[in-house]
Amino acid sequence: MLKSIGIGAELFHKLIENDCYYVDKTPFIRTVFKENKSDVMLITRPRRFGKTLTMSTFYDFLSLNIENPGDVSLQEKWFKGTKIFEDKEFCSKYMGKFPVIFISLKAVSGNDFIGAYEQFGSIIFNLYNSFNYLADSPKLSDTEIRTFKDVADNEDYICDIKNKNKIKNSLSNLLMFLSKHHGINPILLIDEYDVPIAKAAHNGYYKEMIDIISPFLSNALKTNTYLDRAVLTGCLRAAKESIFTGLNNLLVCSVLDAGKKDISEGIGFTKEETQKVLSYYGLSDYYEDVKNNYDGYHFGTTHMYCPWDVMNFCDDNHGKLSEDRNLIQAGNYWINTSGNDVIEEFMGFIEPDDVDKMQSLLDGESITAEVRAALCYGDLEKHDINDFWTLLLYTGYLTFDPQYRSANKHECRLYIPNEEIRDCFKSKIMDFYKNDSVMRNSTGSLIKGFFSGDAGSAEDSLNELLAKYVSIRDFSVNAPKENYYHGFMNGLLANGTSLIEEQKSNFESGNGYIDLIIKSLKNRGVIVILELKQTDDENKDKFLIAEDAIGQIIRKKYADPYIKRKDIKAVHSYGICFCKKECTVAGKKLK
C-alpha cells in the first residue's frame, strides 16, 4: 500500500506518525548545527518550499524531553530509518539534548497595527505557556518568575499595546529563563521572521511594526550569552530594518549564494528526489510535465523543484492511473497560496521601459536587473523597479541564471522559472484589471465614450489608464508591440461587463479580422469597432495613423455586415494609435 501524501502537513513527527511520504532531508540537521559554526543562521527561500517543515524537523530532533531529560525514545521512533539516524556520534551529542524555542511568525498578518499586535501577543502568550513549568522553577529568582508570569498568566495583558515593552523583551527573557532552569543554552528557531514586516509594509503600519519586531529579535540574537544557536527562515534578508545591524557571526543563506551544496539542497526537491517521488507513485511518464510546470529554480548553483507543487501533482493524479490517464494534468497549485499581492503592489507604478521587461518575462525571455541582496521592506513604498525584481526573485516568481556574469556584481539575469508561475503572472494581472476600483471607474468612462461616439472622451480616459497601468500582450515570443496594446485593451474591456453585452477579439468580418468589437448592453443595437496601431516614433502624426486605422476598417469592410443588419442601430468605428504610454483616438460613425 502506498504511503499517503501529507498535503499542508508542516510538522515532521506528524508526517512520520501518519505514515506519509517523506523526502529524507535529515542530513540538513548536521549541516546546520554541526558543520555551520555561526551563532545565527538565516535561510531565505521562496514560499511553499518547506521552510516550516524543515524547522519542525530541527525541533523534533533537537528538543529534550522536559519531564524526563535524557529520554530520546520519541526521536528514535520518528527518525529511525532516516539518514541522520545512521550517524550515531552526531545523534548522541545532539538528539534530544536541548531546550528549543520554536516560533512561527507567519500568522502575524493583521490589516492594521492593532490587529497585528494582538496576533503577535497571542503567539508570545502561547509560546510562554508551552514552558509553563518555568513558573515553578527553583533556578529562577522571584523577580524572574514574576516577569515570566506577567506574560504567561494573562493573554489580554500581553496583547494590550500599552504593554508592548513586555513583547520587546519576551524572547530574550525566555532564552535566559530556559538557560538558567536547564543549565543548557537553548536553541532558537524562528520561522517566517519577515512576514510581520512584509504585511506591515503592505498595509501601512511599517514603522509601528518595526518598533516592535526589531528589539524583539535583536535583543534575543545579538551577543546573547544565553543562546546556543539560532536559525531563522524567511523570504528576504531585510538588513536595513536594523534587525541584523551589529549582529556578528551571522550566516545568510539566500537563493543567490553559491555556498555549499549541502545548504542549497537542504530545502526543496532536487531532480533526483523529484524523479524518485514520481516513480514511487507510478507517475514517471509525466516527468516532463512536472519539469515544465514546477522546475526551474536555482539556489546557488543547484537546480531545485518546488516540493509543494510536486507533492500536489502526485496527490491529484496517482489515483487516475487506474481510472483514466487522460485526466492526468499539471495543475496550478501556487496561485491560491498566500503572497500573490507582490505583483499588485507595483502594478500601477511600472514605467514604460520596465513594462517591456515585464513583457519579455511573460514571453519566456530573460531580463537583466540589479538585485538587492538586502531589501528593506520600508523602501517598497517608493516603488523602485529594482525592489520589484528583487521581491519577485526572493518570493519565487522569478529565478536567476547562476552562469551569468556581469561587471556589476549586483546584476542578475532573471526569468520566470516555469509555466505554472507564468500562468500566475497572467492571472494576477488580469485580476488586477477586474478588481481595482480606479481601473473600473476609468474603464467605465472609456466605454461610455466609445458607445456615445465621443472620441475625445475615450482618448482622455484611455490616456489616464495608460499612464498608470501595465498590461500583458499575447504570449508569443517576439510578438509585435500591437499585441501588447491589444492585450491591454482586452483587459480593460473585460472590466466593463456592466456596460458590454458582447466582446470579441480578432474576429473575422468583411475581408479581414477586426481587432476588437463590443456591443452595448444598455443601448441595444450599438456596435463599436476598434482598430489598433502602434508607433515608437514620438514625432509621427499619431492622429493620421489613427485615421488610417479607420480607413482600414472601411477598406476591408469590417463594418459592412453590421451596417446591413436592421437590428443594429449605430456602428461607431475608432482608430487608436498607441505610442509608449500615450494614445491618440480618431472616430467615425459608420451608421
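In this numbering scheme, every chain counts its residues from 1 along its sequence in written order. Only residues with pLDDT of at least 70 are given local features in this predicted model, and only at 80 or more are side-chain atom pairs given and counted; all residues enter the totals for whole chains, interfaces and linings. Excluded from the side-chain calculation are hydrogens and water; included are all heavy atoms of the structure.

Enquirer: Explain the pattern of salt bridges residue by residue, including any values.
Expert: Close approach of charged atoms allows side chains of opposite charge to pair. Salt bridges are identified by distance alone: a Lys or Arg side-chain nitrogen within 4 Å of an Asp or Glu carboxyl oxygen. Taken as a whole, this structure holds 21 salt bridges when the rule is applied. The residue Arg-413 makes a salt bridge to Asp-401 at a minimum N-O spacing of 3.6 Å. Of the two residues, Arg-413 sits in strand 10 (residues 411-415) while Asp-401 sits in the loop between strand 9 (399-400) and strand 10, which places them 12 residues apart along the sequence. Notably, a salt bridge pairs Arg-565 with Asp-567, separated by 2.8 Å at the nearest N-O pair. Accessibility here uses a 1.4 Å probe with only protein chains present; expressed as a share of the type maximum, an area under 20% marks a residue as buried, one over 50% as exposed, and anything in between as partly exposed. Residue class for Arg-565 comes out partly exposed when judged on its relative accessible area of 34%. Salt bridges linked by common partners bring Arg-30, Glu-35 and Asp-87 together as one network. Strands here are runs of E lasting at least two residues and helices are runs of H or I lasting at least four, both read from the DSSP assignment and numbered beginning at the N terminus.

Enquirer: Any details on the sheet that holds strand 12 (residues 512-520)? Residues and values, ideally.
Expert: Read from one edge to the other, the open sheet built from 5 strands follows the order 11-12-13-14-15, with strand pairing classed as mixed. Two strands close off the open sheet at either side, each with one partner strand: strand 11 (500-509) and strand 15 (582-589). This sheet shows a mean twist of 25° between the axes of neighbouring strands, independent of strand direction. Strand pairing follows a simple DSSP-based rule, namely that at least 2 bridges must link the two strands. Judged from the 4 bridges that link them, strand 12 and strand 13 (residues 526-534) form a sheet pairing that is antiparallel. Axes here mean lines fitted to C-alpha atoms, for a helix over just the part in contact, with angles spanning 0 to 180 degrees between N-to-C directions.

Enquirer: Go over the side chain of Asp-387, please, and point to the residues and values.
Expert: With respect to the helices and strands, the residue Asp-387 is situated in helix 18 (residues 385-395). Not counting chain neighbours up to four residues away, the residues in contact with Asp-387 comprise Phe-346, Arg-372, Leu-375, Asp-379 and Leu-380. Contacts: residue pairs with any heavy atoms within 4.5 Å of one another.

Enquirer: Describe the sheet that holds strand 10, with residues and values.
Expert: Taking strand neighbours across the sheet as the criterion, the 3 strands line up as 8-10-9 in an open arrangement whose pairing is antiparallel. The strands lining the two open edges of the sheet, one partner per strand, are strand 8 (367-370) and strand 9. Bridge count for strand 9 against strand 10 is 2 bridges, and the pairing is antiparallel. Counterpart to Thr-399 in the pairing with strand 10 is Tyr-415.

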